[in-house]
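Coordinates in review
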Amino acid sequence: MSDFDVEKGLEQLTLTEKIGLTAGIDFWHTYPVERLNIPSLRFSDGPNGVRGTKFFNGVKGAVFPNGTGLAATFDKDLLREAGNMMAVEGKHKGAHVILGPTTNMQRGPNGGRGFESFSEDPYLAGIASAAIVNGIQDKHIAATIKHYTGNDLEHERNSSDSIISPRALREIYLEPFRLAVKYSNPLCFMTAYNKVNGEHASQSKFLLQDVLRGEWKWDGAVM
């Protein structure tokens, strides 16, 4: 893969192209800018597999144990192998990016997607996440760790506010992501849908700029 100068590319984009890159062309594909050699990328997710580009009645795929089941093995090598298989599945479905793994904290029964996450223990969640990410990226598919951070429930998740003390934020909620950056360097981060201490995670200077970019020196793509 050749290097791509992001800043130079941004300078050459028209307003329409910038809007297109922000919006995408559908749920799963980014907007191409052919004159600048920017291709359309395909993304895919799936709570316990790689779904492809349909929510229902899509192409059948491998079904993996959910995140909690995988982490219960306490086996980094096995999780890395699972990540390898997810990448193979992604390639069969034409995906460049897998929107996972999910590594939120399982702090209560209201977390409707808790089964996707690995554990209520931040160390186990972080090490499991790193193993899955390494497995996916071994095969040259980008992994997307999510949902950064405090995404603990589904009800009104786009407006809910996770009130977290500074110590709990550091020791519990941020720690799995920090460990994943340290041991696997995921190419992508997906922000949480919710607010954290009154501000949406997707616009939080503290979470995205100060911690992720500044302290952890991570330079991948945030979505």
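Rules and cut-offs
Residues numbered from 1 in each chain as written. Predicted model: local features only at pLDDT ≥ 70, side-chain atom pairs only at ≥ 80, totals over all residues. Heavy atoms only, no water. Helix = DSSP H or I, 4+ residues; strand = E, 2+ residues; numbered from the N terminus. Rg over C-alpha atoms; globule rule 2.2 N^0.38 Å. Buried < 20%, exposed > 50% of the residue type's maximum accessible area, 1.4 Å probe, protein only. Contact = heavy atoms within 4.5 Å. Areas by Shrake-Rupley, 256 points an atom, 1.4 Å probe, with all protein chains shown as cover. Lys, Arg positive; Asp, Glu negative; His and termini not counted. Charge placed at Lys NZ, Arg CZ, Asp CG, Glu CD. 1 Å grid on protein atoms, 1.4 Å probe; cavity = no way out; pocket = protein on both sides within 12 Å on 5 of 7 lines; lining within 4 Å. Points joined across faces, edges and corners; volume = space filled by probe spheres on them. Nonpolar A, V, L, I, M, F, W, Y, C, P; charged D, E, K, R; others polar. Core = buried A, V, L, I, M, F, W, Y, C linked by side-chain atoms within 4.5 Å. Pairing = 2+ DSSP bridges. Patch = residues over 30% accessible without salt bridge, like charges linked within 9 Å, V, L, I, M, F, W, Y side chains within 5 Å. Salt bridge = Lys/Arg side-chain N within 4 Å of Asp/Glu carboxyl O. Phe/Tyr/Trp six-rings, centres within 6.5 Å; stacked < 30°, edge-to-face > 60°. Right-handed = clockwise from strand over helix to strand, strands pointing away.

Overview of the overall build of the chain
In terms of helices and strands, the chain carries eight helices and eight strands. In terms of overall size, the chain behaves like a compact globule, its C-alpha atoms giving a radius of gyration of 17 Å where 223 residues would be expected to give roughly 17 Å. Principal axes of the C-alpha set define a box for the chain whose edges measure 50 × 40 × 30 Å. Each of the 223 residues in the chain was classed as buried or not, and the buried ones make up 45%. Summarising the internal contacts of the chain: among those between residues at least 6 apart in sequence, 67% fall at separations of at least 24. With an accessible surface of roughly 12300 Å², the chain has 54% of that area assigned to carbon and sulfur atoms. Side chains of the chain give 24 positive and 26 negative charges; the mean places of these two sets differ by 2 Å.

A few points about empty space enclosed by the protein
What the rule picks out here adds up to two cavities of 30 Å³ or more. Here the largest cavity is characterised by a volume of approximately 240 Å³. Those elements giving two or more residues to the lining of the largest cavity turn out to be α3 (67–71) and α5 (122–138). Split into classes, the residues belonging to the lining of the largest cavity amount to 12 nonpolar, eight polar and three charged. Of the voids in this model, the second largest cavity is the one considered here, and its volume is about 30 Å³. Along the lines of polarity and charge, the residues of the lining of the second largest cavity split into four nonpolar, five polar and one charged.

Let's talk about the nonpolar core
Core analysis: the biggest nonpolar cluster contains 40 residues, and M86, I132, I136, Y148, F189 and W216 have the highest contact counts within it. Of all the secondary structure elements, the ones that give two or more residues to this core are α3, α4 (76–92), α5, β3 (142–148), α6 (166–173), α7 (175–183) and α8 (205–215). Considering every element that reaches this core, the biggest residue donor is α5, with seven residues. Not counting chain neighbours up to four residues away, the residues in contact with I132 comprise L70, L79, A82, G83, M86, P101 and F118.

Concerning the pairing of strand β5 (residues 188–191)
Burial of the side chains of β5 extends over both faces: C188 and M190 are buried on one face and F189 and T191 on the other. When β3 meets β5, the two strands line up parallel, connected through three bridges. Bridging from a neighbouring strand, I145 pairs with F189 of β5. Of the pairings in the sheet, the one linking β5 to strand β8 (residues 221–222) comprises two bridges and is parallel in character. Bridged to C188 within β8 is A221.

Description of a nonpolar patch on the surface
A surface patch of nonpolar side chains, amounting to about 280 Å² of accessible area, comprises F4, V6 and L10. One can find F4 in the segment before α1 (6–12).

Considerations on the packing of aromatic side chains
Tallied over the full model, the rule gives eight aromatic pairs. Ring plane angle 80 degrees and centroid distance 5.0 Å describe the contact between F27 and F55, whose orientation is recorded as edge-to-face. One end of the pair, F27, is in the loop between α2 (15–23) and β1 (43–44); the other, F55, is in the loop between β1 and α3, with 28 residues separating them in the sequence. You can call F27 exposed: its relative accessible area is 62%. Measuring from centroid to centroid gives 6.1 Å for Y148 and W216, while their planes differ by 65 degrees, and the two rings are edge-to-face. Linking Y148 in strand β3 with W216 in the loop between α8 and β8, this pair joins segments that are 68 residues apart in sequence.

Considering the pairing of β3
A large share of β3 lies buried, amounting to seven of its seven residues. Where strand β2 (residues 97–98) meets β3, two bridges bridge the pair, whose relative direction is parallel. Within the sheet, the bridge partner assigned to V97 lies in β3 and is A142. In this view, the connection linking β2 to its parallel neighbour β3 by way of α5 has right-handed handedness.

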